[in-house]
Amino acid sequence: MNLVYTQGGNILLGRIAKNKEIILSVFLILLSLGYFYSATTIKTISKSLINAQFVPKILGVGLLILSIAEFIDNLRKQPTEKSTTCENANDPSERFQIFIRIIITLASMAIYITLLRPVGFLLMTCIYMFVQISILNPAKKLDIFKTLAFSVVFSVVIYFLFVHVFKIMLPRGILSF
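Presented here is a report on the structure given in the accompanying data block. Being a predicted model, the structure only gives us computed values, none of them experimental. (Residues numbered from 1 in each chain as written. Predicted model: local features only at pLDDT ≥ 70, side-chain atom pairs only at ≥ 80, totals over all residues. Heavy atoms only, no water.)

## Re the overall build of the chain
Spelled out, the test is: To qualify as a helix, a DSSP run of H or I must reach at least 4 residues; to qualify as a strand, a run of E must reach at least 2; elements of each kind are numbered from the N terminus. Here's how the labels work: a residue is buried when its accessible area is under 20% of the maximum for its type, exposed when over 50%, partly exposed in between, all with a 1.4 Å probe on protein chains only. The contact definition used throughout considers only heavy atoms, calling two residues in contact when any of these lie within 4.5 Å.
When helices and strands are tallied, the chain shows 5 helices and 0 strands. Mapped in sequence order, the helices and strands of the chain form the string α-α-α-α-α. Out of the 177 residues belonging to the chain, those deemed buried represent 26%. Summarising the internal contacts of the chain: among those between residues at least 6 apart in sequence, 62% fall at separations of at least 24.

## Observations concerning the packing of helix α3 (residues 92-119) against helix α4 (residues 121-136)
Heads up, the condition is: In this analysis an axis means a line fitted to C-alpha atoms, helices contributing only their contacting stretch, and an angle means the value between N-to-C directions, from 0 to 180 degrees. Angular relationships are summarised with four words: roughly parallel below 35 degrees, roughly antiparallel beyond 145, roughly perpendicular across 65 to 115, and oblique for the angles in between. Here the nonpolar group is Ala, Val, Leu, Ile, Met, Phe, Trp, Tyr, Cys and Pro; Asp, Glu, Lys and Arg are the charged ones; every other residue, Gly included, is treated as polar.
One way to put it is that α3 packs onto α4 with a least axis distance of 9 Å and a crossing angle of 175°. On the basis of the axis angle, α3 is roughly antiparallel to α4. When α3 is examined against α4, the residues Arg101, Ile104, Thr105, Ser108, Met109, Ile111, Tyr112, Leu115, Leu116 and Val119 are found in contact with a partner set consisting of Phe121, Leu123, Met124, Thr125, Tyr128, Val131, Gln132 and Ile135. Split into classes, the residues belonging to the contact of α3 with α4 amount to 13 nonpolar, 4 polar and 1 charged.

## Here's the deal with the nonpolar core
Under the convention used in this document: Here, nonpolar core refers to any group of buried Ala, Val, Leu, Ile, Met, Phe, Trp, Tyr and Cys residues whose side-chain atoms link them within 4.5 Å.
Within the largest apolar cluster, 12 residues are counted, these being Phe54, Tyr112, Val119, Phe121, Leu122, Met124, Tyr128, Tyr159, Phe162, Val163, Phe166 and Leu170. Broken down by secondary-structure element, the contributors of at least two residues to this core are α3, α4 and α5 (144-165). Not counting residues within four places of it along the chain, the set of residues in contact with Phe54 comprises Leu49 and Phe166.

## Observations concerning the packing of α4 against α5
Put simply, the rule reads: The sense of a crossing depends on the near helix, which, turned anticlockwise from the far helix by less than a right angle, makes the crossing left-handed and, turned clockwise, makes it right-handed.
At a minimum axis distance of 8 Å, the contact between α4 and α5 shows a crossing angle of 145°. Two packed elements cross with a definite hand, and for α4 against α5 that hand is right-handed. The segment α4 lies against α5, with Phe121, Leu122, Thr125, Cys126, Met129, Phe130 and Ile133 engaging Ile144, Thr147, Leu148, Phe150, Ser151, Val152, Phe154, Ser155, Val156, Ile158 and Tyr159. Looking at the contact of α4 with α5 residue by residue, the class counts come to 14 nonpolar, 4 polar and no charged.

## Quick word on α5
Applicable threshold: Each residue after the first adds 1.5 Å to the expected span of a helix. In this description, one arc is meant: the one made by directions from the helix axis to the C-beta atoms.
In this model, α5 (22 residues) spans 30 Å end to end at C-alpha, consistent with the 32 Å of a helix rising 1.5 Å per residue. Where α5 is concerned, the buried positions are Thr147, Ser151, Ser155, Tyr159, Phe162 and Val163. The arc that holds the buried residues of α5, viewed along the axis, is 100°, so those residues lie on one side. Of the exposed residues in α5, the ones pointing more than 90 degrees away from its buried face are Phe145, Lys146 and Val153. On its buried side, α5 packs onto α2 (54-76) and α4.

## Some remarks on the packing of aromatic side chains
Selection rule: Two rings from Phe, Tyr or Trp (for Trp, the six-membered ring) form a pair when their centres sit within 6.5 Å of each other. Planes less than 30 degrees apart are called stacked, planes more than 60 degrees apart edge-to-face, and all others tilted.
In the structure shown here, the tally under the stated rule is 3 aromatic pairs. The interplanar angle of 40° and the centroid separation of 5.0 Å between the aromatic rings of Tyr112 and Tyr128 together place this pair among those described as tilted. With Tyr112 in helix α3 and Tyr128 in helix α4, this pair connects stretches of sequence that are 16 residues apart. On the accessibility criterion, Tyr112 (17% relative accessible area) is buried. Measuring from centroid to centroid gives 6.3 Å for Phe121 and Tyr159, while their planes differ by 25°, and the two rings are stacked. Residue Phe121 is found in helix α4, and its partner Tyr159 is found in helix α5; the two are separated by 38 residues along the sequence.

## Focus on the side chain of Thr105
Assignment of secondary structure puts Thr105 in helix α3. On the basis of relative accessible area, Thr105 is assigned to the buried category, the value being 13%. The contacts of Thr105, once residues within four sequence positions are left out, are Gln132 and Ile135.

## Some details on α3
Taking 1.5 Å per residue, 28 residues should reach 40 Å; α3 reaches 39 Å between its end C-alpha atoms and fits that length. Considered for burial, the residues of α3 that qualify are Thr105, Ser108, Tyr112 and Val119. Buried residues belonging to α3 abut α4. In the segment just after α3, Gly120 is the residue with positive phi, at about 110°.

See below:
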């Protein structure tokens, strides 16, 4: 996540962007620690390792590891005159496209959450993964068959893991298996 926009030799702008990334990384570290602490306060019925706290704790640890890696990566990077990761970041049409992708992502999340119970986890997760990958990839680089295959395999693996390994029920919806 290198958002250093240094064009025309403006190193100061690059340093400001780098400091913002470091501050964001520190915020994410603190957020993940708070999330992990919140996960430990979830009331559980069983004393087994896999309980209601299990998945939130794993997510908290994962977020913490990624946040620390991002922090270290941001400390190592030095802004240079040629670092233009987002060359068109100041272009209004590029900003508008990014804004539209964000709106579509939020709308697809809302639709996913709304339809999760009636339609079911497996089918909705397949659809959501396909839509989200399509939103995040440029149309000319999108391989529909690979995206569809990944969406189906990911959804089936997660469903199997939660239902059969962790014994956590997920919404079945219109599919009755």
